[in-house]
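Below are the chains, spelled out letter by letter.
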Amino acid sequence: MTTADPRPLTGEPIALDLLNTRWVQEGEPVDLFAGAFGLSRVEGLAVWLESTGLADRFRADAPTLVHLMTAREALARAVADPADESARALVDAVLEHGRIRATLTAEGPGERAEFADPAWGPAWTAARDYLDLLGSTPDRIRKCASETCVLHFHDTSRNGTRRWCSMSACGNRAKASRHYARTRER
């Protein structure tokens, strides 16, 4: 039986989805990998692997969790400050644990990720996804504009002006707050 993913924002690119395994709920920080919602740490990992479509390729075990948390910290620092050389070095250290092998498929050229230690697979995959985002749309990697939200998203809006992780949550709260402030001024 698979446990439903309790996170408020899912479906982002894997690098950002990994960052979103930490969120704020009712003013308190929550971490999917720290035993949230009655799940053990490894069960939280299993939920994340299932949610991201990686469960069929990688195992939910303690070594994988440790490596994934290392990648999460590296990515959090790199996203917070892309100019931080030490953050880039941490991402590079995660990337050292895998590589892309060129392949020939029935459809033509292809690629396959390889890992000396499969426990690094999800961490490496998230770091590699971050590189792909940086290579295509680095200006669309965003943190929610709400001061009380820690979630990240990839802005896929047509004009690139999305500000909130969710209009129904953070965006709605911001609108309501602005409305309340305007009515108090009158």
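Note: the structure precedes this text.
Residues numbered from 1 in each chain as written. Predicted model: local features only at pLDDT ≥ 70, side-chain atom pairs only at ≥ 80, totals over all residues. Heavy atoms only, no water.

A. View of unusual backbone geometry. With phi around 55°, Glu26 is a residue other than glycine that occupies positive phi space. Counting through the fold element by element, Glu26 comes out in the loop between β1 (22-25) and β2 (28-31). You will see that Phe37, though not glycine, has its phi angle at about 60°, which is positive. Among the secondary structure elements, Phe37 is positioned in the loop between β2 and α2 (41-52). Judged by its relative accessible area of 46%, Phe37 is partly exposed. (Helix = DSSP H or I, 4+ residues; strand = E, 2+ residues; numbered from the N terminus. Buried < 20%, exposed > 50% of the residue type's maximum accessible area, 1.4 Å probe, protein only.)

B. Looking closely at the packing of helix α4 (residues 85-95) against helix α5 (residues 121-136). Between α4 and α5, the least distance of the axes is 8 Å, while the angle of their chain directions is 125°. Overall, the two elements α4 and α5 adopt an arrangement that is oblique. Crossing handedness for the pair α4 and α5: left-handed. Packed against α4, whose contacting residues are Val91, Val94 and Leu95, the element α5 presents Ala123, Trp124, Ala127, Arg128 and Leu131 at the interface. Grouping the amino acids of the contact of α4 with α5 by side-chain chemistry returns seven nonpolar, no polar and one charged. (Axes fitted to C-alpha atoms, helices over the stretch in contact; angles between N-to-C directions. Parallel < 35°, antiparallel > 145°, perpendicular 65-115°, else oblique. Left-handed = near helix turned anticlockwise from the far one by under 90°. Contact = heavy atoms within 4.5 Å. Nonpolar A, V, L, I, M, F, W, Y, C, P; charged D, E, K, R; others polar.)

C. Representation of the packing of aromatic side chains within the structure. With the rule as written, the count across this model stands at four aromatic pairs. For the ring pair Trp23 and Phe37, a centre distance of 6.0 Å and an interplane angle of 15° mean the geometry is stacked. Here Trp23, found in strand β1, pairs with Phe37, found in the loop between β2 and α2; they are 14 residues apart in sequence, far enough to count as distant. Taking the relative accessible area as the measure of exposure, Trp23 reaches 2% and is therefore buried. Between Phe115 and Trp124, the aromatic rings sit 5.3 Å apart at their centres with planes inclined by 75°, giving edge-to-face as the arrangement. Each member of the pair Phe115 and Trp124 is classed as buried. Here a set of aromatic residues connected by ring pairs shows up, and it is made of Phe58, Phe115 and Trp124. A cation sits over an aromatic face here: Arg162 above Phe153, 4.0 Å from the ring centre. (Phe/Tyr/Trp six-rings, centres within 6.5 Å; stacked < 30°, edge-to-face > 60°. Lys NZ or Arg CZ within 6 Å of the ring centre and 35° of its normal.)

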